[in-house]
Amino acid sequence: DAKTTQPNSMESNEEEPVHLPCNHSTISGTDYIHWYRQLPSQGPEYVIHGLTSNVNNRMASLAIAEDRKSSTLILHRATLRDAAVYYCILRGGSQGNLIFGKGTKLSVKP
Amino acid sequence: DTEVTQTPKHLVMGMTNKKSLKCEQHMGHRAMYWYKQKAKKPPELMFVYSYEKLSINESVPSRFSPECPNSSLLNLHLHALQPEDSALYLCASSQAWGRAAGVYEQYFGPGTRLTVT
């Protein structure tokens with residue numbers, strides 16, 4: 001399974017945008033970039049995913065580099081409820097298993 | 001409805017007990033998964049079922065026995081567990097597994113917090 005690299009932790013202020021980076025230099029052409037988050041004491045929650053083009057949904061935006069070796073999850077206005085561990089995961093290959101790395105722990109300050 | 005339900009929410013069992021964890025989804029998903037998550041660690045994949053057949057067993061000890069009675073239900077039978085098996089057990093589902101899986105999101109249940117005494 002292809003690997004991703006994320007910062008261990010990030011801090012943000014409430015109501016400000018947050019850009020969470022992810023590097024995936026060994027991504028293959030068929031790997032989708034998935035983002036999930038896990039709030040304290042809850043199961044992981046799907047956030048967004050994409051292949052090549054930038055994607056938007058009600059939760060976030062996903063910006064994918066032209067060479068696909070990196071991506072950025074954008075939360076447009078952070079709230080206290082966005083404090084969570086955010087996981088960037090490549091999903092593809094012959095099995096498509098969702099394999100979690102360490103993720104980025106996002107703290108949001110009021 | 002994108003809900004995956006898991007019961008029980010909490011479970012305490014002795015090392016000689018037999019218990020089962022249950023998971024259910026009604027999204028018509030044909031792939032279901034069990035993950036194990038220790039405190040402050042990411043979830044680790046245990047089993048994958050695709051079209052009710054076991055497709056992946058990530059070298060999980062035999063004291064964990066999965067079962068998929070139908071396309072909506074997934075069970076995890078527990079027997080003779082050890083204290084180090086205490087963890088959060090997560091169930092998930094997605095539309096499909098395999099080569100086409102990347103295009104599909106995966107939905108997780110809230111987990112069962114298991115304590116083995």
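The structure this text deals with has already been given above.
My aim in this report is to walk through the structure given alongside it, one point at a time. (Residues numbered from 1 in each chain as written. Chains lettered and ligands numbered in written order. Predicted model: local features only at pLDDT ≥ 70, side-chain atom pairs only at ≥ 80, totals over all residues. Heavy atoms only, no water.)

### Describing the overall build of chain A
Now for step 1: Scanning chain A from N- to C-terminus turns up 0 helices and 9 strands.
Now for step 2: Reading the helices (α) and strands (β) of chain A from amino to carboxyl end gives β-β-β-β-β-β-β-β-β.
Now for step 3: Taking 110 residues into account, the globule formula puts the C-alpha radius of gyration at 13 Å, and chain A, at 13 Å, falls close to it.
Now for step 4: A principal-axis box enclosing the C-alpha atoms of chain A has dimensions of 45 × 30 × 25 Å.
Now for step 5: Taking all 110 residues of chain A together, 46% fall into the buried category.
Now for step 6: In chain A, of all internal contacts separated by at least 6 residues, the share reaching a separation of at least 24 is 57%.
Now for step 7: Of the roughly 5600 Å² that chain A leaves accessible, carbon and sulfur atoms contribute 47%.
Now for step 8: Each charge class in chain A can be summarised by its mean position, and for the 11 positive and 10 negative side chains these summaries are 5 Å apart. (Helix = DSSP H or I, 4+ residues; strand = E, 2+ residues; numbered from the N terminus. Rg over C-alpha atoms; globule rule 2.2 N^0.38 Å. Buried < 20%, exposed > 50% of the residue type's maximum accessible area, 1.4 Å probe, protein only. Contact = heavy atoms within 4.5 Å. Areas by Shrake-Rupley, 256 points an atom, 1.4 Å probe, with all protein chains shown as cover. Lys, Arg positive; Asp, Glu negative; His and termini not counted. Charge placed at Lys NZ, Arg CZ, Asp CG, Glu CD.)

### As for the side chain of Asn 75 of chain B
Now for step 1: Among the structural elements, Asn 75 of chain B can be located in strand E8 (residues 73-79).
Now for step 2: The buried category is assigned to Asn 75 of chain B, whose relative accessible area is 8%.

### A closer look at the interface of chain A and chain B
Now for step 1: Counting residues at the interface gives 21 residues for chain A, matched by 26 residues for chain B.
Now for step 2: Of the roughly 1700 Å² buried where chain A meets chain B, counting both sides, 54% is carbon and sulfur surface.
Now for step 3: Interface area lost by chain A to chain B is led by Arg 91, Gln 95 and Phe 100 of chain A, which between them contribute 27%.
Now for step 4: Put simply, the parts of the chain that give the side of chain A that touches chain B at least two residues each are strand E3 (32-38), strand E4 (45-50) and strand E8 (84-91) of chain A.
Now for step 5: Class assignment for the residues of the side of chain A that touches chain B results in 8 nonpolar, 11 polar and 2 charged. (Buried area = accessible area lost by both parts, 1.4 Å probe. Nonpolar A, V, L, I, M, F, W, Y, C, P; charged D, E, K, R; others polar.)

### Some thoughts on the packing of aromatic side chains
Now for step 1: Tallied over the full model, the rule gives 10 aromatic pairs over all chains.
Now for step 2: Ring centres of Tyr 33 of chain B and Tyr 35 of chain B lie 6.5 Å apart, and the angle between their planes is 40 degrees; on these two criteria the pair is classed as tilted.
Now for step 3: Geometrically, the ring pair formed by Phe 64 of chain B and Tyr 89 of chain B is tilted, given 5.8 Å between the ring centres and 35 degrees between the ring planes. With Phe 64 of chain B in strand E7 (residues 64-70) and Tyr 89 of chain B in strand E9 (residues 87-94), this pair connects stretches of sequence that are 25 residues apart.
Now for step 4: Overall, the relative accessible area of 5% leaves Phe 64 of chain B in the buried class.
Now for step 5: Through a chain of ring-to-ring contacts, three or more aromatic side chains come together here, namely Tyr 36, Tyr 46, Tyr 87 and Phe 100 of chain A together with Tyr 33, Tyr 35, Tyr 107 and Phe 108 of chain B. (Phe/Tyr/Trp six-rings, centres within 6.5 Å; stacked < 30°, edge-to-face > 60°.)

Purely geometric numbers; function is a separate question.
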